[in-house]
Protein chains: 2
Amino acid sequence: MQNINNHLQIYCFLANFNLGIEVFKMQKQDVTIYDVAREANVSMATVSRVVNGNTNVRKETRDKVLAVIDRLHYQPNAVAQGLASKKTTTVGVVVPGLTNLHFAELAKGIDDIATMYKYNIILTSIENNVIDNGNVIQSILNKQVDGVIYMCNTMSPKATEAFSRANIPVVLAGTIIDNDHFGSVAIDYKEADRKALELLWKDGKKNIALIVDDKEAYINRGFRIKSYRQFLADHGIKSEYIYDNILTFEDGYNLFAKLYSDGIDAVVTTKDITAAGIVNAALDSQVSIPEQFEIISATSTNIAKIVRPQLTSIQQPLYDIGAVAMRMLTKLMKNEDVAEKNIVLPYQILKHNTTLNK
Amino acid sequence: MQNINNHLQIYCFLANFNLGIEVFKMQKQDVTIYDVAREANVSMATVSRVVNGNTNVRKETRDKVLAVIDRLHYQPNAVAQGLASKKTTTVGVVVPGLTNLHFAELAKGIDDIATMYKYNIILTSIENNVIDNGNVIQSILNKQVDGVIYMCNTMSPKATEAFSRANIPVVLAGTIIDNDHFGSVAIDYKEADRKALELLWKDGKKNIALIVDDKEAYINRGFRIKSYRQFLADHGIKSEYIYDNILTFEDGYNLFAKLYSDGIDAVVTTKDITAAGIVNAALDSQVSIPEQFEIISATSTNIAKIVRPQLTSIQQPLYDIGAVAMRMLTKLMKNEDVAEKNIVLPYQILKHNTTLNK
DNA sequence: ATGAAAGCGCTAACAA
DNA sequence: TTGTTAGCGCTTTCAT
């Protein structure tokens, strides 16, 4: 409802814009490498060498050139550099939606390392329920990015094909996809989920459910759900409770009634924002947490510590995942050796107040 | 502390990478506009026209070219396009840190409109307490972005200078800066804060404090703080309580003790994440909200509804601000007329449970 | 409606 | 150590 209002509001504003059009005069860049060369009495090649830190330049020459660069406020045109060198020092970062902290914390790790290595980031989001026909991927590929960090849980065939044709390195960050051409940095999702489930079991909970965003995503299909079924089998539990397509705070809040009527007494959720919804719904229904109902979130952002009672969660090293993924990408982009293309980082289960056992 | 751990962890990982280097073989793009032209028996110019939707092409010719494009999987090189046309269909988005939802919700508005108009986004973050010497700004300018959305609360002289030399449109989103060369989309911060303060006053609170992130930011210095002082003057209040540099949940949590000992009974905070910290600290200190202590957040993200009691807050139309800013930017980039370069959007004060008066 | 040709600003052989 | 030159892949006049 609020979303609808938002959108109505904006369309009104957009409609009210004046649509007059002026002629656009194209103009060349004011000061180019050629100007610097002329002013410094050297060739373009020498200026280029100075700009790129090539050591084959006499110190006096270098200083002379730098002085001119400074005086003219010369700045290299990265587009021209990119065309000539076939390297753009730009990486594509593909995320599944912008409005979640999980992405933000990963992105910080990526950004810090990217900045350290002087790469710029082209950010592209593929919203969850939008069918990606590969266009957005193709669009960043056309921009000649040197590599891509991919954070979505699925990849369309078109996108896969586009990546393979582009022949640039791709590293998955905080996700796993059924494609071993890509590097990856993640945690052991299968093990982490199993530990969370055992924790709930040890607390005496019997009807434990799994709540996921997208059943078909490989990370769920291939790890979380497998882990859950293994857990059920090992404990001789017959009934399986998997709730799918739970994405937002509201989804979580609204799901609780169903969980309750299904007799569920503990859940592992994919996202802490949905866990927050469940917690609040439980409290509003006078269900006591953790005595009557336990929750563990498989993901932990700032939200996990704001919710009261504070969420027990699997704490992934989000910043590290982003940073290590980006570091791996810089190596792949420079064709340096990478010892291990599939890195598994450690995680912790932080026991707070949505579980009994401390 | 957690941050320190994070960083230690990552440095270990980075250090363990193998550093072997291979020679990098540069290769030309596989299929270019030239290949298409040859295969279709037309000139490059014609292919270019087809690619760019120029209508001056016979239908048969167009179809023939499109067939070849399809067969060869031709994709235009955006870098070459950018160099030749001096337009990159890329915009820079500058944000003050990645890890807050306030940015994320604005970014979604920006991203949606950018996608609609086929612009890519180069995302750059300027972390709060880092002195920006203009390098990150210059770096995106060198990439020849066609325009910039700027979301930080301050701008260094170097950055200002770089923008003015680059001569591209800049639109401020959700912020105000002391520079009228830029377009802007925001709400009336002065009025909104005043209304929040009056609300607290009407509830009988007498010692009302203002909590800001950065006293020197123009948006605070020129609007919020002015508004606060006017409020004090109008009510004949002598003592001014402004708390500066409160940025995180923990900052808010830790600040509460001081607020309490200073005799504060109500606050307006800049960010809802710090408000959340204050709320939790108050509850942990057995101070009842809103009876003994009231809080209004001047910003409202998803966090405002997760905190219990739910935050009373000034709800800015974040999505709209981003979307309208981006829409304005598209117009400026195409040299179209823009009726009003400084747009003020409506806001609401959402009364929830951290204030008495409903 | 189509083609020829001159750049866009830079890098990177290759020479000197 | 420095300069010459030929592109990188595309757009855009200007002819035709």
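About the criteria used
Residues numbered from 1 in each chain as written. Chains lettered and ligands numbered in written order. Predicted model: local features only at pLDDT ≥ 70, side-chain atom pairs only at ≥ 80, totals over all residues. Heavy atoms only, no water. Contact = heavy atoms within 4.5 Å. Buried area = accessible area lost by both parts, 1.4 Å probe. Salt bridge = Lys/Arg side-chain N within 4 Å of Asp/Glu carboxyl O. Polar contact = N/O pair within 3.5 Å; in protein donor to acceptor, adjacent residues only side chain to side chain. Least-squares fit on C-alpha atoms with pLDDT ≥ 70 in both. UniProt positions renumbered as here; feature names shortened; annotations may be inferred. Helix = DSSP H or I, 4+ residues; strand = E, 2+ residues; numbered from the N terminus. Phe/Tyr/Trp six-rings, centres within 6.5 Å; stacked < 30°, edge-to-face > 60°. Buried < 20%, exposed > 50% of the residue type's maximum accessible area, 1.4 Å probe, protein only. Pairing = 2+ DSSP bridges. Axes fitted to C-alpha atoms, helices over the stretch in contact; angles between N-to-C directions. Parallel < 35°, antiparallel > 145°, perpendicular 65-115°, else oblique. Left-handed = near helix turned anticlockwise from the far one by under 90°. Nonpolar A, V, L, I, M, F, W, Y, C, P; charged D, E, K, R; others polar.

**Let's talk about the interface of chain A and chain B**
- Across the boundary between the two partners, chain A contributes 90 residues, which contact 90 residues of chain B.
- Of the roughly 8,100 Å² buried between chain A and chain B on both sides combined, carbon and sulfur atoms contribute 59%.
- The residue Asp284(A) makes a salt bridge to Arg308(B) at a minimum N-O spacing of 3.5 Å.
- Our count for the chain A to chain B interface comes out at 21 residue pairs in polar contact (both at pLDDT 80 or more).

**Things to note about the relation of the copies chain A and chain B**
- In screw terms, the move from chain A to chain B is a rotation of 180° and a rise of 0.0 Å along the axis, fitting with an RMSD of 0.0 Å. Overall, the copies show the geometry of a two-fold rotation axis. Across chain A, the rotation axis passes nearest the C-alpha of Ile122(A), at a separation of 2.2 Å.
- A symmetric contact is evident, with 100% of the interface residues of chain A recurring at the interface of chain B.

**Side note on the UniProt feature "domain: HTH lacI-type" (unreviewed entry) in chain A**
- Listed under "domain: HTH lacI-type" (unreviewed entry) in the UniProt record, and renumbered for this structure, are residues 31-85 of chain A.
- Between the C-alpha atoms that bound residues 31-85 of chain A there is a distance of 20 Å. The span itself is 69% helix and 0% strand.

**Quick notes on the packing of aromatic side chains**
- The final tally for this structure, using the stated rule, is twelve aromatic pairs over all chains.
- With centroids separated by 6.1 Å and ring planes inclined at 90°, the aromatic side chains of Tyr150(B) and Phe163(B) adopt a geometry described as edge-to-face. With Tyr150(B) in strand β3 (residues 147-150) and Phe163(B) in helix α8 (residues 157-166), this pair connects stretches of sequence that are 13 residues apart.
- What makes Tyr150(B) buried here is its relative accessible area of 1%.
- For Phe163(B), a relative accessible area of 2% corresponds to the buried category.
- Pairing Tyr218(B) with Phe223(B) gives two aromatic rings, centres 5.7 Å apart and planes at 90°, and the pair type is edge-to-face.
- Overall, the relative accessible area of 21% leaves Tyr218(B) in the partly exposed class.
- The rings of Tyr150(A), Phe163(A) and Phe182(A) are connected pair by pair, giving a single aromatic cluster.

**Examining helix α2 (residues 33-40) of chain A**
All names here are of chain A.
- Looking at α2, one finds that the buried residues are Asp 35, Val 36, Ala 37 and Ala 40.
- In this structure, the buried residues of α2 make contact with α3 (44-51) and α4 (59-72).
- At the exit of α2 stands Asn 41, carrying a positive phi of roughly 55°.

**So, the sheet that holds strand β9 (residues 294-297) of chain B**
Residue and element names in this part refer to chain B.
- Strand order in the open sheet made by the six strands is β7-β6-β8-β9-β10-β12, with mixed pairing throughout. The open sheet has two free edges, formed respectively by β7 (242-243) and β12 (348-350), since each of these has just one partner strand.
- In this sheet, β9 lies alongside strand β8 (residues 266-269) in parallel orientation, the contact comprising four bridges. From the neighbouring strand, Val 268 faces β9, where its bridge partner is Ile 296.
- Here helix α10 (residues 218-234) sits on the sheet in contact with β6 (208-211) and β7, set at roughly 170° to β6.

**A look at the packing of helix α6 (residues 101-116) of chain A against helix α14 (residues 318-333) of chain A**
Residues and elements named next belong to chain A.
- Between α6 and α14, whose axes approach to 7 Å, the crossing angle comes to 40°. Judged by the inter-axis angle, α6 sits oblique to α14. The element α6 and its partner α14 pack so that their crossing is right-handed. Contacts between α6 and α14 involve His 102, Glu 105, Leu 106, Lys 108, Gly 109, Ile 110, Asp 112, Ile 113 and Ala 114 from the former and Leu 318, Tyr 319, Ile 321, Gly 322, Ala 323, Met 326 and Arg 327 from the latter.
- Its residues placed into classes, the contact of α6 with α14 shows nine nonpolar, three polar and four charged.

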